[in-house]
Amino acid sequence: MTSDPARPFGRVLTAMVTPLAEDGSIDLSGAQELAAHLVDRQSHDGLVVFGTTGESPTISDGEQHAVLEAVMDAVGDRATVVAGVGTNDTAHSIEKARSAAQLGVHGLLVVTPYYNRPPQAGLLRHFTAVADATDLPVMLYDIPPRSSIPIEVETLVRAAEHPNIVAVKDAKADLGAVAWTMARTDLAYYSGEDMLNLPLLALGAVGVVSVAGHVVGPRLAELIAAVEAGDLATARAVNESLLPVYTGIFRSQGVIMVKAALKELGLPAGPVRPPLVDATPEEIARLREDLAAGGVDL
């Protein structure tokens, strides 16, 4: 866990998949095993549980509560556990935030409400209402490809006035907006798009919330350390070595390919839940090639 206010959730976090049994039910022991693996063997400071990669839209509230409790028991004493509680319903998001807080999680991830396309005033009201619901630090999740609307710079500036809103997971791919938000607020930025890890870190992001981190956590830690040391030559070299990994994992939905990779490595993963579908043999063969090119052998 971190005590550095500039990095409220640590440096290397992964949006953890939710291990399932072959019948599609929750694998609680698998969740604990995977969480411990990521923290103890993949150099993770923290985990985001029930982000998109955790299949949050198809995991019930009761199941999410049980997984969060299991992960806290497994690694909560040595890693930051951030619970994804955002939905497109403010009241439901508040309920989930309070439930997660009761388990002792260390922070909350709140995504832009999706599908109902609220105006910026609605976003601000939503984020501040969820932040008001507990005393936990909040990381906003800005991902227009999934939410259909960005969090505008002015909205982030207003949101940053809330004492509990301390960070942003950025998957907006708008480096200019990120630079302006960093210039005008003290929000801690985390890269939420692996392919943009290096440019976001170079702008001043303090860490990553990665999907590829399931298999390359130590190299992400190396990337961040190189940027912090001002060694951009090393940072570029590490980044280039990771490009095939990023490409391979995102040839399909990240959770589909990461679960395939974890299964090949003998780690808990299981199937995905519909409407997602598991990787085909052909996709797995291509994934093997991509990850091998990036130094990861399945």
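Note that the coordinates shown come from a computational prediction; the quantities given were computed from them, not determined experimentally. (Residues numbered from 1 in each chain as written. Predicted model: local features only at pLDDT ≥ 70, side-chain atom pairs only at ≥ 80, totals over all residues. Heavy atoms only, no water.)

K.L.:
It is not clear to me how the pattern of salt bridges should be interpreted in this structure. Could you clarify?
P.N.:
Side chains that differ in charge, positive against negative, can pair when their charged atoms come close. Counted under the stated rule, the structure contains 12 salt bridges. Notably, a salt bridge pairs D40 with R78, separated by 3.0 Å at the nearest N-O pair. Placement of D40 in helix 1 (residues 28-41) and of R78 in the loop between helix 2 (61-75) and strand 3 (80-84) is noted, with a sequence separation of 38 residues between them. Across the pair E55 and K259 runs a salt bridge, and its minimum N-O distance is 2.8 Å. Separated by 204 residues along the polypeptide, E55 in the loop between strand 2 (46-49) and helix 2 and K259 in helix 11 (residues 254-264) bring together distant segments of the chain. Owing to a relative accessible area of 2%, E55 belongs among the buried residues under this scheme. One connected set of salt bridges, linked through shared partners, spans D4, R7, R11 and E228. (Salt bridge = Lys/Arg side-chain N within 4 Å of Asp/Glu carboxyl O. Helix = DSSP H or I, 4+ residues; strand = E, 2+ residues; numbered from the N terminus. Buried < 20%, exposed > 50% of the residue type's maximum accessible area, 1.4 Å probe, protein only.)

K.L.:
What is the right way to look at the packing of helix 11 against helix 12 (residues 281-293) in this model?
P.N.:
Two numbers describe a pair of packed helices, the interaxial angle and the distance between the axes. Following both chains from N to C, one finds helix 11 and helix 12 inclined at 80°, their axes separated by 10 Å at the closest point. Taken together, the axis directions place helix 11 and helix 12 in an arrangement best described as roughly perpendicular. The residues of helix 12 that touch helix 11, namely those facing M257, A260, A261 and E264, are E283, I284, L287, R288 and L291. Considered class by class, the residues forming the contact of helix 11 with helix 12 number six nonpolar, no polar and three charged. (Axes fitted to C-alpha atoms, helices over the stretch in contact; angles between N-to-C directions. Parallel < 35°, antiparallel > 145°, perpendicular 65-115°, else oblique. Contact = heavy atoms within 4.5 Å. Nonpolar A, V, L, I, M, F, W, Y, C, P; charged D, E, K, R; others polar.)

K.L.:
What am I meant to see in the nonpolar core here?
P.N.:
Note that soluble globular proteins tend to have their nonpolar side chains buried in a common cluster. In terms of nonpolar packing, the biggest core is built from 87 residues, with L47, L68, V71, V75, V105 and L108 touching the most fellow members. Not counting chain neighbours up to four residues away, the residues in contact with V105 comprise L68, M72, V81, A83, A100 and L136. Core analysis: the next-biggest nonpolar cluster, separate from the first, contains 16 residues, F9, M139, A167 and V209 among them. (Core = buried A, V, L, I, M, F, W, Y, C linked by side-chain atoms within 4.5 Å.)

K.L.:
Looking at this structure, how should I read the layout of surface pockets?
P.N.:
The gaps left among the atoms become clear once a water-sized probe is rolled over them. As a volume, the largest pocket reaches approximately 940 Å³. Contributing to the lining of the largest pocket are 45 residues, with T52, T53, Y141, I143 and R146 lying nearest its centre. Among the elements of the structure, helix 2, helix 3 (90-102), strand 4 (107-111), helix 5 (144-147), strand 8 (207-210), helix 10 (232-249) and helix 11 are those that each provide at least two residues to the lining of the largest pocket. Ranked by residues supplied to the lining of the largest pocket, first place goes to helix 5 with three residues. Residues of the lining of the largest pocket, tallied by class, amount to 20 nonpolar, 17 polar and eight charged. (1 Å grid on protein atoms, 1.4 Å probe; cavity = no way out; pocket = protein on both sides within 12 Å on 5 of 7 lines; lining within 4 Å. Points joined across faces, edges and corners; volume = space filled by probe spheres on them.)

K.L.:
Honestly, the pairing of strand 5 (residues 138-142) in this entry has me stumped. Any pointers?
P.N.:
Remark: a regular strand shows side chains that alternate across the two faces of the sheet. Among the five residues in strand 5, five count as buried, and that is most of the element. Both faces of strand 5 are covered, namely the face carrying V138, L140 and D142 and the face carrying M139 and Y141. Read as a crossover between parallel neighbours, the route from strand 4 over helix 4 (residues 120-132) to strand 5 is right-handed. (Right-handed = clockwise from strand over helix to strand, strands pointing away.)

K.L.:
Explanation requested: the sheet that holds strand 5 in the structure shown.
P.N.:
Within a beta sheet, neighbouring strands are joined by backbone hydrogen bonds and run either parallel or antiparallel to one another. Read around the barrel, eight strands follow the order 1-2-3-4-5-6-7-8 and close on themselves; strand pairing throughout is parallel. Neighbour-to-neighbour, the strand axes of this sheet turn through a mean angle of 25°, independent of strand direction. Two elements, strand 3 and strand 4, share three bridges in a ladder whose sense is parallel. In the strand pairing of strand 4, A83 is matched with L108. Its contacts with the sheet put helix 1 on strand 1 (12-16) and strand 2, and the angle it makes with strand 1 is roughly 160°. (Pairing = 2+ DSSP bridges.)

K.L.:
Help me understand unusual backbone geometry, please; the structure alone is not making it clear to me.
P.N.:
For the bond from P274 to P275, the omega torsion is 15°, close enough to zero to count as cis. Looking at the element boundaries, P275 is found in the loop between helix 11 and helix 12. One non-glycine residue, S43, lies in positive phi territory at about 60°. Tracing the backbone through its elements, the reader meets S43 in the loop between helix 1 and strand 2. Given the relative accessible area of 34%, S43 is considered partly exposed. A positive phi angle, close to 60°, is found at E55, a residue other than glycine.

K.L.:
Just checking my understanding: could you explain the UniProt feature "site: Part of a proton relay during catalysis" (unreviewed entry) in the protein chain for this structure?
P.N.:
According to UniProt, the feature "site: Part of a proton relay during catalysis" (unreviewed entry) maps to T52 and Y115 in the numbering used here. Set against the largest pocket, the annotated residues that line it come down to T52. T52 has contacts with Y141 and R146, leaving out every residue within four places of it along the chain. You can see Y115 is positioned in the loop between strand 4 and helix 4. With relative accessibility at 74%, the residue Y115 sits in the exposed group. (UniProt positions renumbered as here; feature names shortened; annotations may be inferred.)

K.L.:
Is there a simple way to explain the packing of aromatic side chains in this structure?
P.N.:
The description of two aromatic rings rests on the distance between their centres and on the angle between their planes. For the coordinates displayed, the defined rule picks out one aromatic pair. Seen from the ring of Y141, K169 lies directly overhead, with NZ or CZ sitting 4.0 Å from the centre. (Phe/Tyr/Trp six-rings, centres within 6.5 Å; stacked < 30°, edge-to-face > 60°. Lys NZ or Arg CZ within 6 Å of the ring centre and 35° of its normal.)

K.L.:
Looking at this structure, how should I read the packing of helix 10 against helix 12?
P.N.:
One can describe the packing of helix 10 onto helix 12 by two numbers: an axis separation of 7 Å at closest approach and a directional angle of 160°. Considered as vectors, helix 10 and helix 12 are oriented roughly antiparallel to each other. Crossing handedness for the pair helix 10 and helix 12: left-handed. Judged by residue contacts, P244, V245, G248 and I249 of helix 10 engage L287, D290, L291 and A293 from helix 12. A breakdown of the residues in the contact of helix 10 with helix 12 according to their chemical character gives six nonpolar, one polar and one charged. (Left-handed = near helix turned anticlockwise from the far one by under 90°.)

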